[in-house]
Amino acid sequence: MKRLLLFLILVWGVGEARSQQPADTVAADTAAEAQAVATTADEASAATGTETPEQLWDRANTAYVNGDFHAATTSYEEILARGLSSVKLYYNLGNSCFKEGRLGEAILYYRRALRMAPGNDDIRYNLEVAESRTKDNIEQIPEFFLTQWLRSVRHMMSCTAWSLLSLVALVCALGLFLVYLLARRLSWRKGGFYGTMVAVLLFIVTTSFAMGERREMLDRTQAVVMSLSTAVKSSPDRSATDLFVLHEGTLVEITGRLEGWCEITIADGKKGWLEEKTIETI
């Protein structure tokens, strides 16, 4: 019976390893393609005399240090326009936009950076400072304390970190289960059994956290108001009744779309319609 269980565990472990292989292969291929694109971009830049992303990055940072925030923002945005993005780029762009007084863009880029690095305290602090400057003081609907606590724990690490931790927990669970099956001493078997239960529990929790972070990263329903002020309508029509007014930097959730209009919900539960051009999806 033990040999049969051992064989099944080995088969399952090989299956799990193979299921991870395509993701690793895709990641490696993506990295290789990104490197190739970067090399091609550098060669094209050298041929045409335009600046490379590294040169733009250095110029933007220098402009920011010298207090030329408009030039810094322009250079950061040019890097972004080339299809390149990173936590540092979004964070620095948020800082330069905030210094320029472009509050909506600053909050947008801070939130994009925070999605990529949810455990970064500097990004979260700057986001809170920026949001404190918004005109709309919206009371959020109270949330169950356990849900809020679990979200704060999940935001301590990124999706990648939780995924790696779940793999470690899985390996530990398999190893401890083998100890439970093969050990001769009763104390070792007990330790292997209880250790397996703990490792399996950790695997479930970390996997759920990783999946939650991934869903949040791919979420396209949250947006930031970019207009200085805009009226929320009762229906997707400019002649419709004005329900309330939102200002730059306010966070909204998109619940529907219709011909250039978005149905939105704000933190206090109010709903209405906004023109799509007045908001920017995170």
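About the criteria used
Residues numbered from 1 in each chain as written. Predicted model: local features only at pLDDT ≥ 70, side-chain atom pairs only at ≥ 80, totals over all residues. Heavy atoms only, no water. Helix = DSSP H or I, 4+ residues; strand = E, 2+ residues; numbered from the N terminus. Pairing = 2+ DSSP bridges. 1 Å grid on protein atoms, 1.4 Å probe; cavity = no way out; pocket = protein on both sides within 12 Å on 5 of 7 lines; lining within 4 Å. Points joined across faces, edges and corners; volume = space filled by probe spheres on them. Axes fitted to C-alpha atoms, helices over the stretch in contact; angles between N-to-C directions. Parallel < 35°, antiparallel > 145°, perpendicular 65-115°, else oblique. Left-handed = near helix turned anticlockwise from the far one by under 90°. Contact = heavy atoms within 4.5 Å. Nonpolar A, V, L, I, M, F, W, Y, C, P; charged D, E, K, R; others polar. Buried < 20%, exposed > 50% of the residue type's maximum accessible area, 1.4 Å probe, protein only. Expected span 1.5 Å × (residues − 1). Phe/Tyr/Trp six-rings, centres within 6.5 Å; stacked < 30°, edge-to-face > 60°. Lys NZ or Arg CZ within 6 Å of the ring centre and 35° of its normal.

Participant: Help me understand unusual backbone geometry in this model?
Facilitator: Note: most peptide bonds trans; most residues except glycine with negative phi. In this model, E259 sits at a positive phi of 45 degrees, which is unusual for a non-glycine residue. For E259, the position within the fold is in the loop between β4 (251–258) and β5 (261–265).

Participant: Would you take a moment to explain the pairing of β4 for this structure?
Facilitator: Each regular strand carries side chains that alternate between the two faces of the sheet. By the bridge criterion, three bridges tie strand β1 (residues 222–225) to β4 in an arrangement that is antiparallel. Counted as the bridge partner of V224 is L251 from β4. Bridge count between β4 and β5: five bridges; the pairing is antiparallel. Across the sheet, G256 pairs through a bridge with E263, a residue of β5. The hairpin formed by β4 and β5 contains two residues between the paired strands, and E259 there has a positive phi angle of roughly 45 degrees.

Participant: Hey, could you run me through the layout of surface pockets in this one?
Facilitator: The rolling of a water-molecule-sized probe over the atoms marks out the regions of remaining empty space. Its boundaries defined by the atoms lining it, the largest pocket holds a volume of some 1,400 Å³. As for the largest pocket, its lining consists of 34 residues, of which R111, E131, Q140, Q222 and L251 are closest to the centre. Broken down by secondary-structure element, the contributors of at least two residues to the lining of the largest pocket are α5 (103–116), α6 (121–132), α7 (145–154) and β4. No other element matches α6, which puts five residues into the lining of the largest pocket.

Participant: What is the right way to look at the packing of α5 against α6 in this model?
Facilitator: If you want to describe how two helices pack, look at the angle between their axes and the distance between the axes. As a packed pair, α5 and α6 sit with axes 9 Å apart at the nearest point and diverge in direction by 155 degrees. As judged from the angle between their axes, α5 and α6 are roughly antiparallel. As α5 packs across α6, the resulting crossing turns out to be left-handed. Contacts between α5 and α6 involve L103, I107, Y110, R111, A113 and L114 from the first element and I123, R124, N126, L127, A130 and E131 from the second. Its residues assigned to classes, the contact of α5 with α6 shows eight nonpolar, one polar and three charged.

Participant: For this particular structure, what's the right way to read the environment of A106?
Facilitator: Relative to the helices and strands, A106 is located in helix α5. Taking relative accessible area as the criterion, A106 reaches 0% and is therefore assigned buried. With near-sequence residues (within four places) excluded, A106 lies in contact with G94, C97 and F98.

Participant: Where do I start with helix α4 (residues 87–100) in this structure?
Facilitator: Every α-helix carries 3.6 residues per turn, so stepping three or four residues along brings you back to the same face. The first and last C-alpha atoms of α4 sit 20 Å apart over 14 residues, in line with the 20 Å expected at 1.5 Å per residue. Within the sequence span of α4, burial applies to L89, Y90, N92, L93, G94, N95, S96 and C97. Following α4 by one or two positions, G101 adopts a phi angle in the positive range, close to 90 degrees.

Participant: What is the right way to read helix α9 (residues 186–218) from this model?
Facilitator: Compared with the 48 Å implied by 1.5 Å per residue over 33 residues, the 48 Å span of α9 between its first and last C-alpha is a close match. Inspection of α9 places G192, G195, T196, A199, T206, F209, A210, G212 and E213 among the buried residues, and these make up the whole buried set. For α9, the secondary structure elements touched by its buried residues are α7 and α8 (159–182).

Participant: Teacher, can you tell me more about the packing of aromatic side chains here?
Facilitator: Any pair of aromatic rings gets described here by the distance separating the centres and the angle formed by the planes. For the coordinates displayed, the defined rule picks out eight aromatic pairs. Taking 6.2 Å as the distance between ring centres and 15 degrees as the angle between the ring planes, the aromatic pair formed by Y90 and Y109 counts as stacked. On the criterion of sequence distance, the pair formed by Y90 in helix α4 and Y109 in helix α5 is long-range, its members being 19 residues apart. Judged by its relative accessible area of 11%, Y90 falls in the buried class. With relative accessibility at 8%, the residue Y109 sits in the buried group. Seen in terms of ring centroids, F193 and Y194 are 5.4 Å apart; in terms of plane orientation they differ by 75 degrees. Their pairing is edge-to-face. Exposure remark for Y194: the relative accessible area of 55% places this residue in the exposed category. Across the ring face of Y180, the terminal group of R189 is positioned such that the distance to the ring centre comes to 5.2 Å. Sitting over the face of the ring of F244, K270 holds its NZ or CZ atom 5.6 Å from the ring centroid.

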